[in-house]
Every structure is written in C-alpha cells, then in structure tokens.
Amino acid sequence: MSFVINPFSTELNENFKVGDLIYFNGSVDSDTGVESVPLDIELELYDPIRRTESFEFDFDIVATSNTGTPEENADSVFPLSRVSDGSFRFQGEDYTIRLLGFSQNNGRTFTEEFRVLEDARTTAGLYARIEVDRGIGSGRRDTLRGTNRAERLDGRGGNDNLIGRGGDDIIIGGNGRDRLNGRGGNDDLDGGAGNDTLIGGGGADNFVYDTGRNFRRRDIGTDQIADFVPDEDTIVLSRTTFSRIETLAGSILQEFEVVNTNNAARNSNAFIVYNQSNGNLFYNPNGSNNGFGSGGLFARLEGTPTLEATDFFIDN
C-alpha cells in the first residue's frame, strides 16, 4: 500500500483532495501483515504570521485470508475517525479537518470503506474539508447539541450534556460525569474519565474505550451504557488500554467469558468478563488469580443484554 500526496490550497468548507491511496491485495505471510497505518496532514496558515498545524488520522486495514472468491477475499481500508482529534484556532474561530471519504470519480461521490479484490491493484482519492468546529466544551458544565450532519462534540472538562442528533457523530465526554446521547446515526461514544452515561440512540453505535495508555480506573470510571443492542452496537476495546488482550486488532475477542456472579468474574480465566445477571463488564488482567488486579469494573449495561464475543471490536 502506498499514498501519493496531493499538495493542496483550499478555502474553508471547500472539498479538497488529500492524495491517492494505492493498494495491492496480494499474499501476506502469517504474522507479517499491518493492521493499521497513520496519515499525517499538515496545514500552513497565514493569520497573518505563517504557522503550521498537524493532524493525524489512523486507518485500519482488514486483510482477509485467501479461502474464498476474490470478492470474499477482498481487503478493506477505512478511517477510524472521519473528524480530526484536535482543532485549531484561526481568526477567532475553531476549525477541524473532516475526512469525506474515498472517491474513484474525482470527488463526486464518497465511500468510507476502500475495498480491493484479491490479486487486484486499485487506486482511490482521499478527500477532506476544513470546517468550523462548534462542538468544543469550555471545561465547565456545557450542553452541546449537534445537527443532522456528522460532527465531533468534545465536552473536555466539566459535567457535560452532549447530544449528537442526526449524522454519524463522534462524541467525547472528557473529564467529568458526562451524559452522551448519539440519537440518530452510527455514532462513536467515548465517555473519557468519570462515571458517564452513554446512550447510543438509533443506528449502529460504538462505545469506545481507549485512553491511549495502560488501563487505569480513574481514566475511565464506570460508565452506564443505557441501550446496548447486541448484533448492532459494538464495544470497542483498545489493546493499548486493555493490554492483556492478545486478540489481534480487527478480530473477534477470544479472551471473553459470561458469568452469573461478580465472584465468578473475579476468578475467571478471561480478560474481559461480563456478569449476565447485573450487566457488569470487567477487565480482568490477572486471569484466574483472585480479584481483578489492576483492572476492575469499567461499564454496566442496563437491561443486562445478552453479550457475545462478536459484540466487541478489538482496536490497536
């Protein structure tokens, strides 16, 4: 896989081409594949002094085993986030970069997933747009409401109320006891630190647990997931945070067990343990040794839905 940069000059809210992704889907030896790649975008701003802002997007690569038809063996590349993690201030406004997706018709239509059939070489343009970021909290108690577009809402500090409305939103609570409500669309909800309430609403939603470092209770708290729908919603676990997980990114969680008491969870061999009787979801890094070691309870699912390993997605 390679990426050919397209130097660009653009206006605000104007679509532009970042570059071309070229992917060849060939044979890969066992344990030598790449699971994700970063893409750095640098902007030169003049306001009036020249300065540079940098943004990083991560792309997941799903490589299939060659056991079926070329369509069944297709590899996929897709961005983990379509909105940049950060924003920048320019002439009194906050802005962010939004990835629009891949296009093979010069930007007339976009798709989030770039699929390449087995033994094929395919090229697709990656497009983006710079737009006003109205979804940043103040560090105090904020209420942020999205629109019917895909947006990023970031509460930062304080006990915030974040409402996504329509669109495929990224909603980040930050510090504090936050309430995140995706409403319509396929949303990503990350409560951050504190005991948060996470409501996916309609659509196939992701409940994300990724602190960027090893698991610490104070980095996550205990979240209340109000409306998890098995086989539709997904709990996303980062291997960086849940470091004892050995399952490869993009694969079905192997180290998972369903039990009926908290005591059984404490003595489970699995690293991720779900108590079906009360909805408690635990990280158990010390396996069958009594207790949870440096892990513990990190989420409680209302309604005690039936969870299976396929309801989890393992990320890097």
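Structure shown above.
Scope of this entry: the structure provided in the associated data block. (Residues numbered from 1 in each chain as written. Predicted model: local features only at pLDDT ≥ 70, side-chain atom pairs only at ≥ 80, totals over all residues. Heavy atoms only, no water.)

## As for the nonpolar core
Then, in step 1: Ranked by size, the top nonpolar core spans 31 residues in total, and within it Y209, L237, F242, I272 and F298 carry the most contacts.
Then, in step 2: Per element, the largest residue contribution to this core is three residues, and it comes from strand β23 (residues 296–301).
Then, in step 3: The contact partners of L237, leaving out residues within four places of it in the chain, are Y209, F242, I245, I272, F298, F312, F313, I314 and D315.
Then, in step 4: Grouped together as the second largest cluster of nonpolar side chains are 25 residues, F55, F57, V77 and F88 included. (Core = buried A, V, L, I, M, F, W, Y, C linked by side-chain atoms within 4.5 Å. Buried < 20%, exposed > 50% of the residue type's maximum accessible area, 1.4 Å probe, protein only. Helix = DSSP H or I, 4+ residues; strand = E, 2+ residues; numbered from the N terminus. Contact = heavy atoms within 4.5 Å.)

## Description of the side chain of N25
Then, in step 1: Take N25: it is sitting in the loop between β2 (16–24) and β3 (36–46).
Then, in step 2: Of note is the side chain of N25, whose polar atom sits 3.4 Å from the backbone oxygen of L117.
Then, in step 3: Residues in contact with N25, not counting those within four places in the same chain, are N73, A74, D75, V116, L117, E118, D119 and A120. (Polar contact = N/O pair within 3.5 Å; in protein donor to acceptor, adjacent residues only side chain to side chain.)

## Some thoughts on the sheet that holds strand β9 (residues 121–132)
Then, in step 1: Read across the open sheet, the five strands follow the order β1-β2-β9-β7-β6; overall the sheet is antiparallel. In the strand order of this sheet, the two ends are held by β1 (2–5) and β6 (88–90), each with one partner. With strand direction ignored, the average angle separating the axes of adjacent strands in the sheet is 35°. (Pairing = 2+ DSSP bridges. Axes fitted to C-alpha atoms, helices over the stretch in contact; angles between N-to-C directions.)

## Focus: the environment of R98
Then, in step 1: If you trace the backbone, R98 turns up in strand β7 (residues 93–103).
Then, in step 2: On the basis of relative accessible area, R98 is assigned to the buried category, the value being 8%.
Then, in step 3: Sequence-wise, R98 and P79 are 19 residues apart; in three dimensions their C-alpha atoms are separated by 11 Å.

Function-wise, these values are silent; they only describe arrangement.
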